[in-house]
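Analysis of the macromolecular model
Listed here are the chains, written in short residue letters.
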Amino acid sequence: MSDTDELANTEAPLLDHLIELRRRLIYCVLALVVTFAGCFYFAKPIFGFLVHPLAAAGQDRLIFTQIFEAFLVQIKVGFFGALMLSFPIIANQLWQFVAPGLYRKEKRALLPFLLATPVLFCAGAAMAYYFAIPVALNFLLGLEGDLGGGVKQEALPAVGNYLDFVMQFIFAFGISFLLPVLLMLLERAGIVTYEQLKGAWRYAVVAAFAIAAVLTPPDIGSQLLLAGPLCALYFLSLIAIKITHRSREKEAAAEAAAGEG
C-alpha cells in the first residue's frame, strides 16, 4: 500500500477531528490534575530538593513577607512538578493526535525528535540545577558584607523569589537544550538549509551569548554555562543535519533505482 493510500484511509471529517482533539485534551488535563495532586501533596520535599543548592551555598534561611506567600509557593511547586511529570504524557497525546495525518516516512522522521525532546530538556534542567544555579548563587550571595560606615548587606531571600529564580534557570536551560530538535525540524520542513545554518554560525554564537546574558545573572560564570552548551549544541545540530541529509539522499537514490528497475 502506498503512502497516499495509507493517508487516504485515515481521512476523517472535521467533526471527528474535533472530537479526537477534545479527547486528547481531556487526557492531558487529567494527567496534569493527577500529577498536580501528587506533587502538591509532596510539595515540601520537592521544594526541599530545589533549595538544596541554596543551602550548599551557605544560606540556611528563607523568609516570606506576605501571609499567603508560602501557600502560593506550594501551589507553584505542585504545578512545576506536574508539568515536568506530565510532559511525556502530553507529548504522547499530541503525537497520537497528529500521527494519523502523517505519511509513514514522516512518522519515522518525527518520532526520534519526539523521543529526544524530554531527554534533552532533562539534560538542560540537570545542568541548571547541578552547575548553573550553584555558580549563580555563589556569586549573588557573595555580595553580602560590609558596605562601609557600619552598614552591612545581608541576603534574606524570600521563598517566592527563590522559587522563581530556580524555575527560570531550569526552564531556560531545558528549553535551550531543545535547540537541536528545533533546527533539525526547521531543516526537515525546508524552512532553512544546512548551508544557511552553516553560514550563520557567527550570528548563532552572538545570539547564544545574548540569550545567556538575558536569562542568567550578570556573572560571567553562569553566562558561560549557558552560552557554551548553546554553541556546542548548534554545531552538533549541524553535524546531525548533515548526516541525516546524506541518509535521505541515499534513500531517495535507492528508491529511484528500485523504481527504474
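Below is a summary of the structure that appears in this document. (Residues numbered from 1 in each chain as written. Predicted model: local features only at pLDDT ≥ 70, side-chain atom pairs only at ≥ 80, totals over all residues. Heavy atoms only, no water.)

1. Description of the environment of Ile211
Rules: Secondary structure elements are taken from DSSP: a helix is a run of H or I of four residues or more, a strand is a run of E of two residues or more, and numbering for both begins at the N terminus. Note on exposure labels: buried denotes an accessible area under 20% of the residue type's maximum, exposed denotes more than 50%, and partly exposed covers the range between, all computed with a 1.4 Å probe on protein chains only. Residue contacts are counted whenever heavy atoms from the two residues lie within 4.5 Å of one another.
If you trace the backbone, Ile211 turns up in helix α10 (residues 201-215). Classification of Ile211 by relative accessible area gives partly exposed; the value is 37%. When near neighbours in sequence (up to four residues on either side) are disregarded, Ile211 contacts Leu226 and Leu230.

2. What about the pattern of salt bridges?
What counts, and what does not: By convention in these notes, a salt bridge is any Lys or Arg side-chain nitrogen within 4 Å of a carboxyl oxygen on Asp or Glu.
Across all of its chains, the model carries 3 salt bridges by this definition. A salt bridge links Arg23 to Glu20, with the shortest nitrogen-to-oxygen separation between them at 2.9 Å. Taken together, the residues Arg23 and Glu20, both in helix α2 (residues 14-41) and 3 residues apart, mark about one turn of the helix. The network of salt bridges with common partners includes Glu20, Arg23 and Arg24.

3. As for helix α5 (residues 69-98)
Selection rule: Expected span of a helix, by definition, is 1.5 Å for each gap between consecutive residues, and there is one gap fewer than residues. The reported bend at a residue is simply the angle between two axes, fitted to the 7 residues ending at it and to the 7 residues beginning with it.
The terminal C-alpha atoms of α5, which comprises 30 residues, lie 40 Å apart, in line with the 44 Å expected from a rise of 1.5 Å per residue. Along α5, the sharpest change in direction is near 50° and occurs at Ser86; proline Pro88 comes one to four residues later. If you check which residues of α5 are buried, you get Glu69, Val73, Val77, Gly78, Phe80, Gly81, Ala82, Ser86, Ala91, Gln93 and Trp95.

4. Here's the deal with the packing of aromatic side chains
What counts is decided by this rule: We call Phe, Tyr and Trp rings a pair once their centres come within 6.5 Å, taking the six-membered ring for Trp, and we label the pair stacked below 30 degrees between planes, edge-to-face above 60, and tilted otherwise.
Under the definition given, this model contains 13 aromatic pairs. Ring centres 6.3 Å apart and planes at 85° place the aromatic pair Phe40 and Phe71 in the edge-to-face group. Taken together, the residues Phe40 in helix α2 and Phe71 in helix α5 connect sequence positions 31 residues apart. Summarising the aromatic geometry, the rings of Phe165 and Phe169 are spaced 5.0 Å apart at their centres and angled 55° between planes, so their arrangement reads as tilted. Taken together, the positions of Phe165 and Phe169, both in helix α7 (residues 159-176) and 4 residues apart, correspond to about one turn of that helix. An aromatic cluster is present here, built from Phe47, Tyr162, Phe165, Phe169 and Phe173 joined pairwise through their rings.

5. Considerations on a positive patch on the surface
Spelled out, the test is: Exposure above 30% relative accessible area and no salt bridge define the residues that can form patches, which grow by joining like charges within 9 Å and nonpolar side chains of Val, Leu, Ile, Met, Phe, Trp and Tyr within 5 Å. Areas reported here follow the Shrake-Rupley algorithm with a probe of radius 1.4 Å; residue values treat only the protein chains shown as occluding. His is not counted, nor are the chain ends, whereas Lys and Arg count as positive and Asp and Glu as negative. To locate a charge, take atom NZ for lysine, CZ for arginine, CG for aspartate or CD for glutamate.
A contiguous patch of positive charge on the surface is contributed by Lys198, Lys242, Arg246 and Lys250. Here the element with the most residues in the positive patch is helix α11 (residues 220-260); it accounts for 3 residues. Within the secondary structure, Arg246 sits in helix α11.

6. Here's the deal with the nonpolar core
Which entries qualify depends on this criterion: Take the buried Ala, Val, Leu, Ile, Met, Phe, Trp, Tyr and Cys residues and link them wherever side-chain atoms come within 4.5 Å; each set so joined is a nonpolar core.
In terms of nonpolar packing, the biggest core is built from 46 residues, with Phe47, Tyr162, Phe165, Phe169 and Phe173 touching the most fellow members. Contributions of two or more residues to this core are made by α3 (43-50), α5, α6 (104-141), α7, α8 (179-188), α9 (194-199), α10 and α11.

7. Section: the state of the cysteines
We apply this condition: Here, a disulfide means two cysteine sulfur atoms that sit within 2.5 Å of each other.
Counted under the stated rule, the structure contains 0 disulfides. Lacking any disulfide linkage, Cys122 is separated from the closest cysteine sulfur, that of Cys39, by 13 Å. On the accessibility criterion, Cys122 (46% relative accessible area) is partly exposed.

8. Structural notes on the pairing of strand β1 (residues 145-148)
For the record, the criterion: Strands qualify as paired when DSSP identifies two bridges or more between them.
Here 3 bridges tie β1 to strand β2 (residues 151-153), and the two strands are oriented antiparallel to one another. Along β2, the bridge assignment pairs Gly145 with Gln153. A loop of 2 residues connects β1 with β2, the two strands running antiparallel in sequence, and Gly149 in this loop sits at a positive phi of about 70°.

9. Observations concerning the layout of surface pockets
For the record, the criterion: In the cavity and pocket records, a cavity denotes points on a 1 Å grid over the protein atoms alone where a 1.4 Å probe fits but cannot get out, a pocket denotes an open set with protein on both sides within 12 Å along at least 5 of 7 lines, and lining residues are residues with an atom within 4 Å of a point. Grid points are joined across faces, edges and corners, and a volume is the space filled by probe spheres set on the points. For this classification, the nonpolar set comprises Ala, Val, Leu, Ile, Met, Phe, Trp, Tyr, Cys and Pro, the charged set comprises Asp, Glu, Lys and Arg, and every other residue, Gly included, is treated as polar.
Here the largest pocket is characterised by a volume of approximately 520 Å³. Along the wall of the largest pocket there are 22 residues; nearest its centre are Phe80, Met84, Phe121, Ala125 and Ile170. When residues of the lining of the largest pocket are traced back to their parent elements, those giving at least two are α3, α5, α6 and α7. The element best represented in the lining of the largest pocket is α5, accounting for 8 residues. When its volume is computed, the second largest pocket comes out at roughly 380 Å³. Looking at the second largest pocket, it is lined by 13 residues, and the ones nearest its centre are Arg108, Ala109, Arg188, Arg248 and Glu251. Going through the elements one at a time, α6, α8 and α11 are the ones with two or more residues in the lining of the second largest pocket. Looking at the lining of the second largest pocket element by element, the count peaks at 6 residues for α11. Here the residues of the lining of the second largest pocket are counted per class, giving 5 nonpolar, 2 polar and 6 charged.

10. Re the packing of α3 against α5
Just so we agree on the cut-off: Axis definition: a line fit to C-alpha positions, over the contact stretch in the case of helices; interaxial angles, taken between N-to-C directions, run 0 to 180 degrees. Any angle from 65 to 115 degrees is called roughly perpendicular, while one under 35 is roughly parallel, one over 145 is roughly antiparallel, and all others are oblique.
Between α3 and α5, the least distance of the axes is 9 Å, while the angle of their chain directions is 80°. Classed by the angle they form, the pair α3 and α5 counts as roughly perpendicular. For the pair α3 and α5, the contacting residues are Ala43, Lys44, Ile46, Phe47 and Leu50 in the first and Val73, Gln74, Val77 and Phe80 in the second. Classifying every residue of the contact of α3 with α5 gives 7 nonpolar, 1 polar and 1 charged.

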